[in-house]
Every structure is written in structure tokens, then in C-alpha cells.
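Next come the chains, spelled out residue by residue.
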Amino acid sequence: MNRKIKISLLIFAGFITIILVTLIALPWFLRDKIMLKAKAELNKMLNAKVDFENVNLSFIRNFPYASVKLENFYIAGIDEFQKDTLLKSDDINLIINIKSLFSDTGYDIRKLEFNHSKVVVRVLPNGHANWRIMKKDTTQTDTSKMNFHWKLKEFSVNNADIYYNYDKRNMVYIFKNVNHITTGDLTADSSLLVTRTTCDSLSFIWDGVEYVSKAKAMLNADIDANVNDMLFKISKNESKLNEIPFQLAGWLKSIPEGWDMDFKLITDKVDFKSVLSLVPAIYSKSFEDMLAGGKVDLSGNITGLWVGDYYPSFDLKLIVQNGWFQYPSLPKKLEKININTHITNPGRTLDATVFDISQFAFQLGGNPFKAKMRIAYPMTDPDIQLNAIGKINLGMIKDVYPLDEKTSLNGILDMNLNLAGRMSYYEKNEYQKYQFGGNMNITNMLLKTSILSDEVKIDNAAMDFNNSWVDLKNLQLKIGKNDITANGKLENFIPYILQDKTIKGQLNLNSNYLNISDFMSDDTKTDTTTTKAPRNIIKIPSNMDFTVNGKFNQILFDKMNLTNAHGMLKIADSKLNIQNMNVNAFGGSMLLNGLYNVADTLKPLVNFDLTIQEVVFTQIAGQVETLQKLVPIFNKASGKFSTKIKFTSLLKSDMMPDLNSLSGLGSFITKSVGLKDVPALEALAKALKKDNLLPMTIQDLGIVFDINDGKLTTKPFSFKVKDVNLTLGGVTGLDKSIDYKGKIQLPDKLNLGKLSTINVKIGGTFSKPKVELDVKNTVTEVLTETATKVQEVITKKTEEVVDKALEEAQRQKEKAIEEARKKADQMIAQAETLGNKLIDEAEKRGQELINKATNPIAKKAAQIAAKGIVDEAKKQAATLKVKAQAEAEKIIKEASDKVVIQK
């Protein structure tokens with residue numbers, strides 16, 4: 001090889017290497033730019049939040065095109081759909097013209113692939129849909145203004161789950177594991193599009209009823225697409241729903257705000273066996289081997305405009321004549337199957353749809369059964385007509401249908417039921433317009449399946465129906481070992497069945513044996529073991545209003561065994577009110593009133609008022625788990641007790657009280673209780689060095705207690721054990737911790753005097769108690785008490801001396817005053833005597849003057865002079881008395897002041 005050729009090869013190899021390095025390295029430089037621009041453009045186009053975690057870009061994988069992978073891609077709603085995620089994909093793969101990556105005119109996308117996606121489509125009751133997210137300025141026909149140019153040659157979806165929720169009509173469509181591919185030129189004015197679609201599970205649910213359940217679907221169609229006119233015609237297709245092969249012929253055209261269409265269902269190859277494939281129970285049981293026959297006519301069409309809530313007309317008809325099927329391994333066949341079903345809508349709203357099953361009949365073991373039903377105005381005011389009459393021998397089902405080895409059926413179901421009327425009749429209480437009547441009788445029914453943990457037996461059940469009520473004449477039911485006998489009347493039955501309205505009733509309920517735990521868990525049985533699933537809260541429907549008079553010979557719940565129970569139960573608003581329920585329990589009797597409330601399923605609640613008489617400690621402790629935690633000493637007690645208690649508690653998921661939420665109060669009395677092997681009492685006896693206290697027997701004990709924050713608190717209570725008196729009070733916790741304080745009075749024969757009363761503390765836990773005898777504080781209390789009493793004696797003696805001195809001083813004072821008063825009286829008496837003497841002498845002198853007068857004038861003058869002498873004498877006498885009284889008071893005061901009394 002000459003030198004020029006070598007040089008040329010080297011240059012060419014270098015050039016190729018440069019190109020390869022460029023193709024490998026360039027995506028790393030463009031990655032962030034494309035990632036930011038793609039997010040910006042998508043969010044600019046859509047009224048939604050669009051994001052993805054990473055971009056994987058390659059120029060080699062699909063050269064000469066670029067491969068772009070958007071990882072963890074999602075589209076989330078905004079505003080009223082902000083909680084919804086419309087689309088989430090593990091990754092989205094795009095094949096893009098490389099040149100478009102280096103221009104500002106947009107991206108030319110040739111292939112689009114979604115992998116492992118979840119799509120949730122929703123239409124709200126107001127008609128708003130979460131998929132309408134295109135902004136107005138991006139929905140123009142001229143796509144040249146967009147930055148994404150859809151030049152698709154292939155579109156595919158791999159492993160997608162799609163949920164369509166039409167809230168306005170309470171419809172749900174579920175498509176699981178959908179795979180789809182469309183190939184062709186989706187941008188050409190006219191192109192042939194080849195589509196292939198499969199769905200592993202398709203379900204349709206309307207108003208809670210599953211009309212199609214997990215059916216398999218396949219739709220392969222070639223479509224002539226005219227993009228300019230937005231007209232799509234089906235040219236060739238082959239489809240299947242479970243085992244029903246069908247074809248669609250027709251077209252679909254886009255119009256403003258909706259679609260125009262004309263499709264026809266072609267089912268030339270449909271037979272009765274393929275129709276039976278839509279019945280899940282039949283399709284899952286040896287379907288391939290099953291034999292079937294009969295004449296089938298299945299046809300349908302849909303024509304007209306679909307704009308908003310205005311729907312095209314549709315017509316679907318299924319007719320089966322003299323159908324039958326038989327499993328080769330079974331001796332009999334279900335025959336004379338005749339079905340005539342017609343679903344029509346003239347092309348207005350869905351409320352104009354009419355479901356007409358004019359015939360549904362079959363014969364089993366010579367017993368014919370036939371029924372028919374028609375429903376009109378299903379959206380606004382359902383007009384329902386139903387008739388069913390016939391007898392079904394359940395024991396013959398095993399002869400025509402392969403039941404599994406764990407399933408048994410037996411009994412006769414005989415019914416005659418007629419129903420006709422509009423739902424509004426019940427809503428307006430116009431019961432007389434509604435036609436509802438008939439009866440149903442069940443005899444010797446047995447039902448046992450792998451789903452049920454226990455077999456169900458109905459020896460007899462008889463019900464009569466009319467417009468207003470259902471008369472349950474008799475029900476004899478047995479579930480496992482549990483038996484129930486009932487009768488009564490139920491009102492509002494039809495609204496309850498059709499619209500979940502409240503059903504009302506009064507029932508008489510009797511049972512010889514009822515184990516409530518059987519209705520709270522399922523048994524999983526093996527050859528050697530039986531395990532029970534965890535119990536769950538028993539829920540009470542909110543649309544039940546029952547009054548039940550019950551009598552139960554035996555009720556079992558968990559470890560509790562109750563007998564001879566009778567009382568009234570009221571069920572309403574998800575609550576169970578128990579009224580005056582009398583029951584024998586725990587070796588005694590119990591009266592129960594209370595409430596079981598599950599209106600809030602997250603916080604179920606009980607509120608009970610119990611009166612318990614003469615029950616045995618060991619029985620109630622062994623059967624009631626709550627007492628084992630709150631009062632562990634009950635396990636060590638013998639004898640009987642009575643109690644009254646009111647308590648409220650939330651319930652845990654296993655129906656047991658949440659002790660942290662438990663609160664209540666009550667009282668406890670016992671005539672005699674024996675206590676043995678109680679660690680706290682053993683520790684107390686050891687501390688007192690009085691082993692003869694054990695085992696303890698306590699007579700006539702009474703306690704008042706309350707329960708809060710998971711603790712049982714007793715107020716101080718007194719009791720006597722042999723010759724020792726005790727007073728205790730304190731708290732027991734959920735962790736079996738104890739904290740009690742009190743006093744112990746030792747017997748007088750020990751001659752301890754005041755030291756015979758000892759303070760005591762009992763702490764620690766029930767199994768590991770700590771007992772403290774507080775002797776130091778006891779002595780201190782005694783000394784303090786003695787000092788107080790000595791001081792009281794001293795004070796008393798002092799007060800007695802003082803009082804005696806005061807009495808003596810008072811006596812002396814009174815004596816001095818008395819002497820002074822006598823002296824004063826003498827002075828006053830002397831003054832009065834002297835004054836009277838002066839007056840007597842003045843009167844004598846005056847009379848002498850009068851006697852000496854000889855004439856009238858002189859006599860008159862003598863009388864005046866005599867009066868003046870007497871008046872002057874009286875004045876002098878009065879003055880003497882006043883002076884004597886003043887002097888007397890002075891003498892008395894001086895005598896009083898001389899003796900001073902002080903306390």
C-alpha cells in the first residue's frame with residue numbers, strides 16, 4: 001500500500017473518529033439546554049404542571065435521528081385538579097430529527113413511546129375534565145407556530161394502566177396493562193394507520209355495580225385517516241372481548257366541540273359459549289372444556305353526534321334461544337336458557353337510556369326460573385319494573401357447575417317477587433303508587449365456601465313483601481356453632497336496596513349460642529394448626545335504624561363467657577345503644593347500659609355504665625384483659641366482690657379499650673377477700689416482721705376510685721388484717737407501677753403507745769414492690785404532738801393562776817368600792833340631816849314672826865319674811881347635799897383606782 005493511500009486512510013479514520021467522538025460527546029453538552037427548553041415549552045403549551053427528572057440523549061442509537069428519553073415524566077393538574085396526576089410514566093422515548101435540535105424552529109418528532117405509564121382521567125360533576133389542558137394559543141390548526149412539530153411515523157404505549165372516572169354519572173372504567181402501537185404517517189393529509197391494542201383486564205362499574213369484570217380485550221384495526229377533514233374510517237379490523245369475536249364498521253369525524261360517528265357491530269362468529277365468557281365465574285372454570293349450544297343474536301350500532309353531555313343514539317341487542325351448557329365432568333346441564341336483552345338510547349342524554357331484559361329464564365333439575373326487568377330514566381328518576389318467579393334447588397348446582405372441594409350448597413329457594421315504580425315515589429313518601437309485593441321462602445339451606453370461615457345453615461326463612469315493609473315471619477339461621485332465631489318487620493326496604501336510604505325495623509332476636517369473636521376474624525385452617533386473623537372493629541352501617549329485643553342464652557367474646565342475657569339494643573347512626581342488658585357473668589350478675597359508637601371509624605368509642613353483683617375475682621380477672629392491666633391484684637384474690645363503674649374509652653383496631661384514653665369512676669365493695677402470693681403484701685409483712693399477716697383475709701372492704709390517663713386512683717380506704725389496722729390510698733399504672741401511701745396501726749398489746757402508728761409507702765411495680773416504713777417521721781410526729789400537748793398544759797396552768805389572781809384582785813376592788821360607798825352614803829346622810837335641821841329651824845323662826853304680828857298688814861309682812869327664811873334654809877340644805885354627793889363620788893373613784901386588774 002503506497003504512502004498516499006495510507007495517509008488517506010488515516011485522514012478518513014481520523015475524520016470518522018472525530019464524528020464518532022462528536023456524536024458521543026455532543027449530547028452531554030446539549031443535555032441541559034434541551035432539558036430546560038423542553039420543560040419550558042411543555043409548560044407554555046399546557047394548563048398543567050409538567051416535569052421530568054432527567055434527559056438521556058443519544059445521536060448513535062437511532063442515527064441519523066436523535067434519541068431522547070425523558071425519565072420519570074408526569075403531568076399534574078392545577079386549580080380544581082391540583083390533587084390529580086393526569087399522566088405518570090417511567091420514561092418517554094422520542095426520536096427527533098437531529099437538525100431540529102440546532103435550530104430555533106422547533107423539534108421534529110418522528111416517534112413517541114410511553115413506557116410503564118399510569119393515566120387517571122376524571123370528569124367532575126360540573127363537567128370539567130382534567131385532560132382539557134391545551135392552552136388556547138396552542139390549539140390552532142397551523143402547527144407551524146408550535147415549537148413541537150409532530151411528524152409521527154409511530155406512536156406506542158407499553159404496559160399502561162388507565163382509569164377513567166366519570167364522576168358526573170358515577171361511572172368508572174379501568175383498563176389494566178394496556179399495550180398499543182400505531183404506525184403510519186400521522187402528519188400526511190391522507191394515510192393508512194395500522195393500530196394494534198390489547199388490554200389484560202377491562203372493567204366497567206356504574207353506581208357501584210360491576211357490569212364488566214376484568215375482561216380481556218383486543219382491538220386490531222386499520223384506519224383510513226384524512227387529517228385535513230379529521231375523518232377516520234375503519235377499513236379492516238379484528239377484535240375480541242374475552243372469547244367474543246367482533247368487528248366494527250364505520251367512521252369517526254371531528255367536529256367543533258365534539259365528534260360525529262356511525263359504527264356498526266358485526267358479530268357473525270359469536271356463539272353461546274363465547275357469550276358465557278363474559279360471566280367471570282364461568283370463564284374462570286374449565287372454560288375450554290365446557291360444551292354449549294343455542295342460537296345467539298348479538299348486534300349493535302352507535303350513530304350521531306357526541307357533544308358534551310349530548311350523546312349519539314345507540315342500540316345493543318342480545319338474544320339467546322334455547323341455550324345450554326355442560327361441563328363434561330358433570331352429570332347434568334343447565335338448559336332452556338332464554339335471554340332477551342335490549343339497551344337503547346334515541347340520541348339524547350344518558351337519562352334517555354332504557355335497559356330492557358324482557359326475558360331471562362332457565363331450567364335446573366326440572367325446576368323453571370324466569371325473570372324480567374326494565375329500567376328507564378336511570379339518571380334522574382329510575383323507573384324500575386322487576387318480576388322474578390321460580391324455585392331453585394341449590395343442591396343441584398354442583399351437578400351443572402364445578403364447585404371447588406371446599407364449597408357445598410344445598411336447600412330450596414322459592415320466590416315470587418314483583419316490583420314496579422319510580423324512585424321518586426319513595427322520596428316523596430308516595431308509597432301507594434309503588435307496586436312491591438311477593439314472598440320468599442328458604443328451607444334447609446347450606447352454604448360453605450373457602451371464603452367463609454364457617455358454614456351457613458338456614459333451616460327456615462319466610463318473608464312477605466309489600467309497599468311499606470318486609471315481614472320477616474321466621475328466620476332460623478346457624479353460622480358455624482352460632483345460632484340465631486329472629487322475626488320482625490323492616491320498613492323502607494326498597495329505598496335501602498336501591499338508594500342506600502335508611503332501613504328501619506323492629507326485631508325479636510334469640511340465640512342459644514353466640515360467639516361475637518367469630519364475626520370479627522377469619523380462621524385459616526391447615527391440617528395441624530388453626531390461626532386466627534387479627535380482629536377488626538365491628539362496623540355499624542349509618543343507614544340502619546333498628547330496635548332489637550334480644551335474649552341470648554350464651555354469649556362469648558374473647559375470653560368472656562356470658563349467660564342468660566336479655567335486654568334491648570337500639571341501632572342507629574352507626575351507634576349501638578344497650579339498654580338494661582341483664583346477664584350472668586363471672587360467677588355473678590351484671591346490669592349493662594351503654595353506647596358503642598363507630599360513627600367515626602378512626603375513633604371508635606364506648607361509654608358504659610355497669611353494675612356488677614357478687615362476681616368471682618379469679619373469673620373476671622381471667623376473662624377481662626383490661627382488669628389484668630389496671631388491677632393486677634385481682635389475679636391473686638379469692639372471694640367475690642360488687643362494683644359500680646362508669647367509663648368511657650376509645651377502642652383499638654382489635655376492639656380492645658385504648659387504656660391511655662380510658663376515664664371513669666366507680667366504687668368497689670367486698671364482704672371478704674383472700675389475698676395470697678401478692679408481692680407487695682409479702683414485702684409489707686416482711687418489713688413489719690409480722691409473717692402471721694399472710695395469707696391475708698380482709699373483711700368488709702369498701703373502695704372509691706377513678707380512672708384517668710391510664711391510671712387507677714383509689715381514695716384512702718381502711719381495713720383490718722388480724723390485729724393490724726391499715727389505711728391506704730394511691731395509684732396503679734398501665735405498666736403495673738404502684739404508688740400507695742398510708743398508715744399502719746399496730747396492736748395495743750405491743751405497748752408502743754404513740755409509736756404503734758407507722759407511716760408506710762409502697763412503690764415500684766406490682767411484681768417488684770418497694771415498701772418503706774417511715775419510722776423517723778412517725779417519731780417526729782409523736783414528739784411534735786407531745787410538745788404541743790405539754791405547751792397546752794403549761795398554757796392552761798398559767799391561765800388558771802392568772803384567772804385566780806384576777807378573781808382575788810376583783811374581789812379586793814369590789815370590797816374597797818363597797819367600803820367607799822358606805823362612807824359616801826354616810827356623808828350624804830349627814831348632809832341631808834343637817835339640811836333638814838336648817839329647814840326646821842327656819843320654819844320655827846318664821847312662825848314666831850307671824851305669831852308676833854298684831855294687825856293684818858304686819859301679819860302679811862311676817863308671812864313674807866317667814867317664807868324667805870324657809871327658802872333660804874332649803875337652798876343651804878340642797879347645797880350641803882350636792883357637796884356631799886360630789887365628795888362621795890370622789891371617795892368611790894379613789895377606792896376603785898387604788899386596785900388595778902391586769903391579765
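Computed from a prediction, not measured in an experiment: that's the story for all the values here. (Residues numbered from 1 in each chain as written. Predicted model: local features only at pLDDT ≥ 70, side-chain atom pairs only at ≥ 80, totals over all residues. Heavy atoms only, no water.)

Caption draft 1: Expanded view of the overall build of the chain. A tally of regular secondary structure across the chain gives 12 helices and 40 strands. Looking at the chain as a whole, 38% of its 903 residues qualify as buried. In the chain, once contacts between residues fewer than 6 apart in sequence are set aside, the share between residues at least 24 apart is 51%. Surface accessibility of the chain: about 52,000 Å² in total, with carbon and sulfur atoms responsible for 55%. (Helix = DSSP H or I, 4+ residues; strand = E, 2+ residues; numbered from the N terminus. Buried < 20%, exposed > 50% of the residue type's maximum accessible area, 1.4 Å probe, protein only. Contact = heavy atoms within 4.5 Å. Areas by Shrake-Rupley, 256 points an atom, 1.4 Å probe, with all protein chains shown as cover.)

Caption draft 2: Quick look at unusual backbone geometry. Its identity as a non-glycine residue notwithstanding, histidine 116 has a phi of 50 degrees, on the positive side. Residue placement: histidine 116 occurs in strand E5 (residues 107–123).

Caption draft 3: Broad picture of the pattern of salt bridges. On inspection of all chains with the given rule, the structure shows 10 salt bridges. A salt bridge links arginine 122 to aspartate 167; the shortest N-O distance between them is 3.0 Å. Of this pair, arginine 122 sits in strand E5 while aspartate 167 is found in the loop between strand E6 (148–166) and strand E7 (171–183), placing the two residues 45 residues apart along the sequence. Relative accessible area serves as the criterion here: at 30%, aspartate 167 is assigned to the partly exposed category. The salt bridge partner of aspartate 222 is arginine 196, with a shortest N-O separation of 3.6 Å. Of this pair, aspartate 222 sits in strand E9 (residues 209–226) while arginine 196 sits in strand E8 (residues 190–206), placing them 26 residues apart in sequence. Of the residues examined, aspartate 222 reaches a relative accessible area of 9% and is grouped as buried. (Salt bridge = Lys/Arg side-chain N within 4 Å of Asp/Glu carboxyl O.)

Caption draft 4: View of helix H10 (residues 679–688). Those residues of H10 that fall on the buried side of the exposure criterion are Ala680, Leu681, Leu684, Ala685 and Leu688. Mapping the buried residues of H10 onto a view down its axis gives an arc of 135 degrees, with all of them on the same face. Remark: lysine 689 follows H10 within two positions and exhibits a positive phi of approximately 55 degrees. (Arc of directions from axis to C-beta.)

Caption draft 5: How the structure looks around the packing of aromatic side chains. Summed over the entire model, instances satisfying the criterion amount to 21 aromatic pairs. Aromatic side chains phenylalanine 617 and phenylalanine 641 sit 4.7 Å apart centroid to centroid with 35 degrees between the ring planes, which places their arrangement in the tilted category. One end of the pair, phenylalanine 617, is in helix H8 (residues 617–623); the other, phenylalanine 641, is in strand E33 (residues 637–650), with 24 residues separating them in the sequence. Taking the relative accessible area as the measure of exposure, phenylalanine 617 reaches 2% and is therefore buried. What makes phenylalanine 641 buried here is its relative accessible area of 3%. Clustering of aromatic rings is evident, with ring pairs tying together Tyr164, Tyr166, Tyr173, Phe204, Trp206, Tyr211 and Phe355. (Phe/Tyr/Trp six-rings, centres within 6.5 Å; stacked < 30°, edge-to-face > 60°.)

Caption draft 6: The arrangement of the confidence of the model for the chain in detail. For the chain, per-residue confidence averages 79 on the pLDDT scale, and residues scoring 70 or more make up 77% of the total. Scored below 50 in pLDDT, residues 6–29 makes 13 contacts in the model with residues more than four places away or belonging to other chains. For residues 138–148, every residue scores under 50 in pLDDT, and the model assigns this stretch 21 contacts once sequence neighbours within four places are set aside. (pLDDT = per-residue confidence, 0-100.)

Caption draft 7: Representation of the environment of leucine 605 in the model. Within the secondary structure, leucine 605 is located in strand E32 (residues 605–616). In this structure, the C-alpha to C-alpha distance between leucine 605 and lysine 652, residues 47 residues apart in sequence, is 9.3 Å. If sequence neighbours within four positions are ignored, leucine 605 has contacts with Leu595, Tyr596, Asn597, Thr648, Ser649 and Leu650.

Caption draft 8: Focus on a positive patch on the surface. Taken together, the side chains of Lys88, Lys118, Lys176 and Lys214 present a region of like positive charge at the surface. Among the structural elements, lysine 176 can be located in strand E7. For lysine 176, a relative accessible area of 33% puts it in the partly exposed group. (Patch = residues over 30% accessible without salt bridge, like charges linked within 9 Å, V, L, I, M, F, W, Y side chains within 5 Å. Lys, Arg positive; Asp, Glu negative; His and termini not counted. Charge placed at Lys NZ, Arg CZ, Asp CG, Glu CD.)

Caption draft 9: Focus on the environment of cysteine 199. Mapped onto the elements, cysteine 199 comes out in strand E8. Classification of cysteine 199 by relative accessible area gives buried; the value is 7%. Between the C-alpha atom of cysteine 199 and that of phenylalanine 175, which follows or precedes it by 24 residues, the distance is 6.5 Å. Contact partners of cysteine 199, with chain neighbours within four places excluded, come to Phe175, Lys176, Asn177, Val178, Ala215, Lys216 and Ala217.

Caption draft 10: Quick peek at the pairing of strand E3 (residues 65–76). As defined by bridge partners, strand E1 (residues 49–51) adjoins E3 across 3 bridges and the pair is classed as antiparallel. Note on E3: the bridge partner recorded for lysine 49 is alanine 76. For E3 and strand E4 (residues 85–97), the ladder comprises 11 bridges, and the chain directions are antiparallel. Within E4, the residue paired with lysine 69 across the bridge is asparagine 93. (Pairing = 2+ DSSP bridges.)

Caption draft 11: The side chain of asparagine 597, seen in detail. Along the polypeptide, asparagine 597 turns up in strand E31 (residues 588–597). Exposure remark for asparagine 597: the relative accessible area of 15% places this residue in the buried category. In this structure the side chain of asparagine 597 is engaged in a polar contact, spanning 2.9 Å, whose partner is the backbone nitrogen of alanine 599. Filtering out sequence-adjacent residues up to four positions away, asparagine 597 remains in contact with Ser574, Lys575, Lys603, Pro604 and Leu605. (Polar contact = N/O pair within 3.5 Å; in protein donor to acceptor, adjacent residues only side chain to side chain.)

Caption draft 12: A nonpolar patch on the surface, seen in detail. A contiguous nonpolar patch, built from Met230, Trp259 and Trp306 and spanning about 270 Å² of accessible area, is present on the exposed surface. Within the fold, tryptophan 306 resides in strand E13 (residues 291–307).

Caption draft 13: Main features of the pairing of strand E14 (residues 313–326). Two elements, E13 and E14, share 12 bridges in a ladder whose sense is antiparallel. Bridge assignment links glycine 293 to a residue of E14, and that residue is tryptophan 324. The turn joining E13 and E14, which pair antiparallel and follow one another in sequence, is formed by 5 residues; a positive phi near 60 degrees is taken by glycine 308. Two elements, E14 and strand E15 (residues 334–345), share 9 bridges in a ladder whose sense is antiparallel. Looking across to E15, one finds that glycine 323 is bridged to isoleucine 337.

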